[in-house]
Amino acid sequence: MKLTLGQAGIPPTLSVGEAARRSGVPVSTLHFYEAKGLISSHRTQGNQRRYTRDMLRRVAFIRVSQRVGIPLADIGAALATLPGTAAPTRADWARLSAAWRADLDERMEQLKKLRDTLDDCIGCGCLSIDR
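J.: Just checking my understanding: could you explain the overall build of the chain for this structure?
T.: Along the chain, the regular secondary structure elements total five helices and three strands. Shown N-terminal to C-terminal, the secondary structure of the chain runs as helices and strands in the order β-α-α-β-β-α-α-α. When each of the 131 residues of the chain is scored for burial, the buried share is 26%. Sequence-distant contacts in the chain: of pairs separated by 6 or more residues, those separated by 24 or more amount to 52%.

Spelled out as structure tokens, the structure:
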């Protein structure tokens, strides 16, 4: 197999193993994200997946979004607003996070209420969080 090099002698694409190592997720997660249409790859003549380097930032974007509780469907819809081969930029993240801000604020408020009333609820023995 002939390896072509990009700028500064860096291969322009990553194998699935290298992409997993560099993005900090298991290979199975990359396959899952690809099956959900969140990232994409192309295949070599030997049918091996190859990822462009911008995919690393897309995976980071997905992981951060998931950590703050954004559903994969919403992440996919957000990524669909970006060019398929472009990494999300800081401006993209600001735009998308601004759209999610109200929902995140509401979730945070609900969690604070739950935190503040949980001791009372468990303390009385009713185990009801209705009030």
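J.: Would you mind going over the sheet that holds strand E2 (residues 42-43) with me for this structure?
T.: Sheet strands associate in pairs through backbone hydrogen bonding, adopting either a parallel or an antiparallel arrangement. Spatial ordering of the open sheet is given by E1-E3-E2, a layout of three strands whose pairing is antiparallel. Of all strands in the sheet, those bounded by a partner on one side alone are strand E1 (13-15) and E2. Both E1 and strand E3 (residues 49-52) contribute to a ladder of three bridges, which runs antiparallel. The residue bridging Thr13 from the neighbouring strand is Thr52, located in E3.

J.: Just checking my understanding: could you explain a nonpolar patch on the surface for this structure?
T.: Together, Leu111, Leu114 and Leu118 make up a nonpolar patch on the protein surface, roughly 240 Å² of accessible area in all. For Leu114, the position within the fold is in helix H5 (residues 90-124).

J.: What is the right way to read the packing of aromatic side chains from this model?
T.: What characterises a pair of aromatic rings is the spacing of the ring centres plus the angle enclosed by the ring planes. All told, the structure shown has two aromatic pairs when counted by the stated rule. The interplanar angle of 50° and the centroid separation of 6.3 Å between the aromatic rings of Phe32 and Tyr33 together place this pair among those described as tilted. What makes Phe32 partly exposed here is its relative accessible area of 38%. For Tyr33, a relative accessible area of 4% corresponds to the buried category.

J.: What's the story with the nonpolar core in this structure? I'm lost.
T.: For soluble globular proteins, nonpolar side chains are generally found buried alongside one another. Counting 22 residues, the largest nonpolar core has Leu30, Ile39, Met55, Val59, Ile62, Ile75 and Leu79 as the members making the most contacts within it. Of all the secondary structure elements, the ones that give two or more residues to this core are helix H1 (16-23), helix H2 (27-35), helix H3 (54-67), helix H4 (72-79) and H5. When residues of this core are assigned to their parent elements, the largest contribution, five residues, is made by H3. Once you skip the residues sitting within four places of it in the chain, Ile75 turns out to touch Leu38, Phe61, Ile62, Ser65, Gln66, Ile70 and Trp100.

J.: Even after reading the chapter, I still don't get the pairing of E3, so can you show me in this structure?
T.: The side chains of a regular strand alternate, first on one face of the sheet and then on the other. Pairing between E2 and E3: two bridges, direction antiparallel. Bridged to Arg43 within E3 is Arg49. Hairpin remark: E2 followed by E3, antiparallel, with five residues in the connecting loop; positive phi at Asn47, about 65°.

Reading guide: rules and limits
Residues numbered from 1 in each chain as written. Predicted model: local features only at pLDDT ≥ 70, side-chain atom pairs only at ≥ 80, totals over all residues. Heavy atoms only, no water. Helix = DSSP H or I, 4+ residues; strand = E, 2+ residues; numbered from the N terminus. Buried < 20%, exposed > 50% of the residue type's maximum accessible area, 1.4 Å probe, protein only. Contact = heavy atoms within 4.5 Å. Pairing = 2+ DSSP bridges. Patch = residues over 30% accessible without salt bridge, like charges linked within 9 Å, V, L, I, M, F, W, Y side chains within 5 Å. Areas by Shrake-Rupley, 256 points an atom, 1.4 Å probe, with all protein chains shown as cover. Salt bridge = Lys/Arg side-chain N within 4 Å of Asp/Glu carboxyl O. Phe/Tyr/Trp six-rings, centres within 6.5 Å; stacked < 30°, edge-to-face > 60°. Core = buried A, V, L, I, M, F, W, Y, C linked by side-chain atoms within 4.5 Å.

This is a description of form; function is not addressed.
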